[in-house]
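# Residue-level structure breakdown
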Amino acid sequence: MTFGAPLALWGLALLLGPVFVHLLSRRTTRRQAFPSLRLLDASRVPPVSRRTLDDRALLLLRVLLVLLAVLAAAQPRWSMATMPSTQPSARVVILDTSASMTRRVAADAAREPRSLLAVARARADSLVNSARLALRIDTHDPAAALPAAAGWLSDAGGGELVVLYDGQYAVLHPSDVQMLPEPISVRVEVVGVATDRVAAREDTLRVAVHGVGADEDFAWLRARVEALEPDVQFVRADPLLGDPDPLDTLRHLTTYTGLADDPLVQETRRGAAPRSGRADVGAWWAVRDARDSIVLLLREGEALEVQPVTAPRDLETAALIAAAVARFCGHRHIPRHEYEQRVVDSAGLAALQRVAETVPMRASVAVSDTRLARLLWCLALLALGVEAYVRRRVAPRTVTVEAGA
Amino acid sequence: MPLSVEVVSAIHDLELAARLVVEGLRRGGERSPFLGIGAEFRQHRPYQIGDELKHVDWKVSARHDRLLTRQLRETTNASVLLVLDTSASMAFPDGVHQKFRYAQIACAALAWVALDQGHAVGLLTAVPDARVASGTRLVYVAPRSGVLHRRALLAAIAQLTAQGTWPAARTVQRASTLLRRRGVLVVVSDFYDDEEAVRRALAEAARRGHDVRQWQVVAPEERELPPGGPQELEDLETGGRRLVDRRTLGDAYAMAHRAFVERCRIGAQRDGVVWASLDTSVAPERALRDLLRGAPLAGPATPRIAARA
């Protein structure tokens, strides 16, 4: 088991709290020797609260409560296969920086959502710092970086290769792992599969336009899209620095919207090598942020200089694509869990896990599972309830006095 | 003025403490009942304040021109067996009012007085011993008389400590069988034991013809719950603990304690046992005087002979 937020384990120091409380509370009642309690046993008067005998149970409950809460906050993860018994001397961490990693998730309701990329980067830093010799590769295509990472590890005399990604479709294939040479162990960690934190899709789809072009061109595009799809809110987004590769987001979108076979999409994907007559504007679009908006990304052809978007026909194409996406998404109301199922490559992860099982000492797949954290929170709440019940139950106690004694 | 319990208890040497008590009994400001209870003339001695006027030998006093009192020797010596409770509950409370220390002094003083009167005095008690299957071992000093025996007896009493539990009924039964002829059986205890079993054992001893004295040692501190708020009481014998609050449980406990003492008293009266309460706040000298005045140590077979003036 590993932890997504190992710093939270410092919270185990809180375990001292219940111990101190019990020690202090025990001191509140002084103990006094008495010749015999036989006459007390014959009393029938309600005495004070009694916690001495149940102190241990209460202490255990409170310790358990703190322990569960801290463990839940530490975001535990199951490891599907065992790791090599010896700690690798060298480690390569491949961090997926593709567009889907910009999704924002939160481990629990009490926390602010964080982007997957931030979570993964923290995890990568932790992995890098814990190895004697480490290399970190940030890439939008982890599979493509595997051979280079394997070569580096081989030169270092073997070691561990860790891939951090969000379990997206077709990012990593079992064959990618199986092809790695023997002295390299592989660990795949899937970060941030937090289905409940993906924001709900609204009935109206917000379409953001990001790109380079004259204002009048965007105005035209907006008018065109809104004419095609009245429900769509057309928002022009500011150009973002460090945007992910549009091809990643395009692949993402077409995967989960099922539009991969759409002629328009295929034609757009081929935009990397645009046909003549349509190459002045690369009509690449992508979903930048899969949570709540579609970014219509208009980018200049790679070979071209930055020019104002002037070709109405290409804009028309972009508008048609945007409208098609908006219509598809808006009318289908993809539920969150369904969306998540589509985003996360469950079958691919299962295949990776099978690979890890067949090569148990070489590879493992750690899946960040919020269900475990949720289970721990539930158990902590249960412990809280039991603790309150026990505390209230032991407070009043009645003993009886022999009446004519 | 009798020595206070604080003074007597503070004397570490039991023999000295007992001697002071006995001396106080003899020279007490009040009348002294220990001139002798036998019928045989022993000696004359100068009259002391507290001596009954009926014991004054007026003829001899007239001859010697001073008041002389007749002292009588007991004609028939009795065997007195002291049975002392050594259970941990007797080690309450800490300090000068401790029941066990009080009981030790009372037993020692009683032994001294009885030995002075010519009685044979012995001791029986039970002390914890892990080597014995029952967990307790009987300590027995056979009733004898004499100064040497007095020292041995007082040393045996002084060596005892209050700890563990005490098989009260078994010890009383054993004591009644150890007294071969009719004798005086003085059981000094707080009787926090199996009430019914102890009562039956005392009754059986009385039926055997012994003069059975049930001296119940009671400390003022145990008549009521300790003052203050909630506190945890620990049973000195069983180690059991209870959290109590005097504000809610105090009256009921005091009532239960009074009822307990009353049960002991009534049961003793019914069974022909002489019951007395030894309050550890009362000076031992005064307590012993009151006890012996009511029922002198003459033994059941010895007829009470009035002193003849």
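Every residue gets a number counted from 1 within its own chain, in the order that chain's sequence is written. Following the order in which they are written, the chains are lettered starting with A and the ligands numbered starting with 1. Confidence filtering applies because this is a predicted model: local features only for residues at pLDDT of at least 70, side-chain atom pairs given and counted only at 80 or more, and all residues used for totals across whole chains, interfaces and linings. Only hydrogens and water are set aside; all other atoms, that is, all heavy atoms of the structure, feed into the side-chain values.

## Brief notes about the overall build of chain B
Put simply, the rule is: Only DSSP runs of H or I reaching four residues or more are called helices, and only runs of E reaching two or more are called strands; each is numbered from the N terminus. Here a residue-residue contact requires only that any non-hydrogen atoms of the pair lie within 4.5 Å. All accessible areas in this document rest on Shrake-Rupley with a 1.4 Å probe, and a residue is counted as covered only by the protein chains that are shown.
Assigned secondary structure in chain B consists of 10 helices and 10 strands. When contacts within chain B are restricted to residue pairs at least 6 apart in sequence, those whose partners lie at least 24 apart make up 73%. Surface exposure of chain B reaches about 13,600 Å², of which carbon and sulfur atoms provide 51%.

## Details of the sheet that holds strand 6 (residues 184-189) of chain B
Residue and element names in this part refer to chain B. For clarity, the threshold we go by: Strands qualify as paired when DSSP identifies two bridges or more between them. Between N-to-C directions, angles span 0 to 180 degrees; the directions come from axes that are lines fitted to C-alpha atoms, helices contributing only their stretch in contact.
Across the sheet, which stays open at both edges, the six strands sit in the order 5-4-3-6-7-10 with mixed pairing between neighbours. The open sheet terminates on both sides in strands that have one partner only, identified here as strand 5 (136-144) and strand 10 (274-279). With direction set aside, neighbouring strand axes in the sheet form an average angle of 15°. Here strand 4 (residues 120-128) pairs with strand 5 via seven bridges, running antiparallel. Residue pairing across strands places valine 127 opposite arginine 137, the latter belonging to strand 5. Packing against the sheet, helix 6 (residues 168-178) makes contact with strand 3 (79-84), strand 4, strand 5 and strand 6, and its axis sits at approximately 150° to strand 4. In the packing of helix 7 (residues 195-207) onto the sheet, the strands contacted are strand 6 and strand 7 (211-218), and the crossing angle to strand 7 comes to about 150°.

## Things to note about helix 6 of chain B
All names here are of chain B. Cut-off, in case you're wondering: Buried residues are those whose accessible area, probed at 1.4 Å on protein chains only, stays under 20% of the maximum for their type, while exposed residues exceed 50% and partly exposed ones sit between those limits. This arc corresponds to the set of directions leading from the helix axis out to the C-beta atoms.
If you check which residues of helix 6 are buried, you get Ala168, Ala169, Thr171, Val172, Ala175 and Ser176. Angular distribution of buried residues about the axis of helix 6 spans 165°; they occupy a single face of the element. Tucked into the core, helix 6 has its buried residues touching strand 3, strand 4, strand 5, strand 6 and helix 7.

## Some thoughts on the environment of arginine 391 of chain A
Residue position: arginine 391 of chain A is located in helix 13 (residues 370-394). Here the alpha-carbon distance between arginine 391 of chain A and leucine 58 of chain A, two residues 333 residues apart in the chain, equals 7.3 Å.

## Remarks on a nonpolar patch on the surface
The condition that has to hold: Distance thresholds for patches are 9 Å for like charges and 5 Å for nonpolar side chains (Val, Leu, Ile, Met, Phe, Trp, Tyr), applied to residues having over 30% relative accessible area and no salt bridge. What makes a salt bridge here is a side-chain nitrogen of Lys or Arg within 4 Å of a carboxyl oxygen of Asp or Glu, nothing more.
A contiguous nonpolar surface patch, about 370 Å² in accessible area, is contributed by Leu16, Val19, Phe20 and Leu23 of chain A. Relative to the helices and strands, leucine 23 of chain A is located in helix 1 (residues 16-28).

## With respect to the pairing of strand 9 (residues 184-190) of chain A
Along any regular strand the residues' side chains alternate between the sheet's two faces. All names here are of chain A. Of all seven residues in strand 9, seven are buried; the element is thus mostly enclosed. Alternating residues of strand 9 divide into Ile184, Val186, Val188 and Val190 and Ser185, Arg187 and Glu189, and every residue in both groups is buried. Across seven bridges, the pairing between strand 8 (residues 159-165) and strand 9 is parallel. Along strand 9, the bridge assignment pairs leucine 161 with valine 186.

## Quick notes on helix 7 of chain B
All names here are of chain B. Cut-off, in case you're wondering: Expected helix span is taken as 1.5 Å per residue step, with the number of steps being one fewer than the number of residues.
The first and last C-alpha atoms of helix 7 sit 18 Å apart over 13 residues, in line with the 18 Å expected at 1.5 Å per residue. Restricting attention to buried positions, one finds in helix 7 the residues Ala197, Val198, Ala201, Leu202, Ala203, Ala205 and Ala206. Those residues of helix 7 that are buried are in contact with helix 6, strand 6, strand 7 and helix 9 (246-271).

## As for the environment of threonine 238 of chain B
Residue and element names in this part refer to chain B. Tracing the backbone through its elements, the reader meets threonine 238 in the loop between strand 8 (231-235) and strand 9 (241-244). Under the relative-accessibility criterion, threonine 238 is labelled exposed at 62%. Sequence-wise, threonine 238 and threonine 165 are 73 residues apart; in three dimensions their C-alpha atoms are separated by 8.0 Å.

## Thoughts on the sheet that holds strand 2 (residues 30-34) of chain A
Within the open sheet, the three strands sit side by side as 2(A)-8(B)-9(B). Their pairing is mixed. The strands lining the two open edges of the sheet, one partner per strand, are strand 2 of chain A together with strand 9 of chain B. The average angle at which neighbouring strand axes cross in this sheet is 30°, direction not considered. Alignment of strand 2 of chain A against strand 8 of chain B, held across five bridges, turns out to be parallel. In the sheet register, phenylalanine 34 of chain A faces strand 8 of chain B, and the bridge partner there is aspartate 235 of chain B.

## Topic: the packing of aromatic side chains
Ring pairs (aromatic) are described by centroid distance and by the angle formed between their planes. Convention followed: Between the rings of Phe, Tyr and Trp (Trp by its six-membered ring), a pair exists once the centres lie within 6.5 Å; its type follows the angle of the planes, with under 30 degrees stacked, over 60 edge-to-face, and the other angles tilted.
For the structure shown, the criterion picks out three aromatic pairs over all chains. Consider the rings of phenylalanine 34 of chain A and phenylalanine 92 of chain B, whose centres lie 5.6 Å apart with planes at 70°: the pair is edge-to-face. One end of the pair, phenylalanine 34 of chain A, is in strand 2; the other, phenylalanine 92 of chain B, is in the loop between strand 3 and helix 4 (99-116), on a second chain. Phenylalanine 92 of chain B shares its class with phenylalanine 34 of chain A; the two are buried. Centroid distance phenylalanine 34 of chain A to tyrosine 253 of chain B: 5.5 Å. Interplanar angle 65°. Geometry classified as edge-to-face. Here phenylalanine 34 of chain A, found in strand 2, pairs with tyrosine 253 of chain B, found in helix 9, and the two come from separate chains. Look at tyrosine 253 of chain B and you get buried, because its relative accessible area is 0%. Clustering of aromatic rings is evident, with ring pairs tying together Phe34 of chain A together with Phe92 and Tyr253 of chain B.

## Some points on the environment of serine 87 of chain B
Residues and elements named next belong to chain B. For serine 87, the location among the structural elements is in the loop between strand 3 and helix 4. On the accessibility criterion, serine 87 (0% relative accessible area) is buried. The spatial distance from the C-alpha of serine 87 to the C-alpha of glycine 164 is 5.3 Å, given a sequence separation of 77 residues. Beyond its immediate sequence surroundings of up to four residues, serine 87 is in contact with Ala162, Gln163, Gly164, Thr165, Trp166 and Glu237.

## Remarks on unusual backbone geometry
Residue and element names in this part refer to chain B. Between phenylalanine 92 and proline 93 the backbone carries a cis peptide bond, its omega angle lying at -10°. Structurally, the position occupied by proline 93 is in the loop between strand 3 and helix 4. Unlike most non-glycine residues, aspartate 65 shows phi in positive territory, near 60°. Backbone geometry at phenylalanine 191 places phi at a positive 60°, although glycine is not the residue there. Residue position: phenylalanine 191 is located in the loop between strand 6 and helix 7. On the basis of relative accessible area, phenylalanine 191 is assigned to the buried category, the value being 3%.

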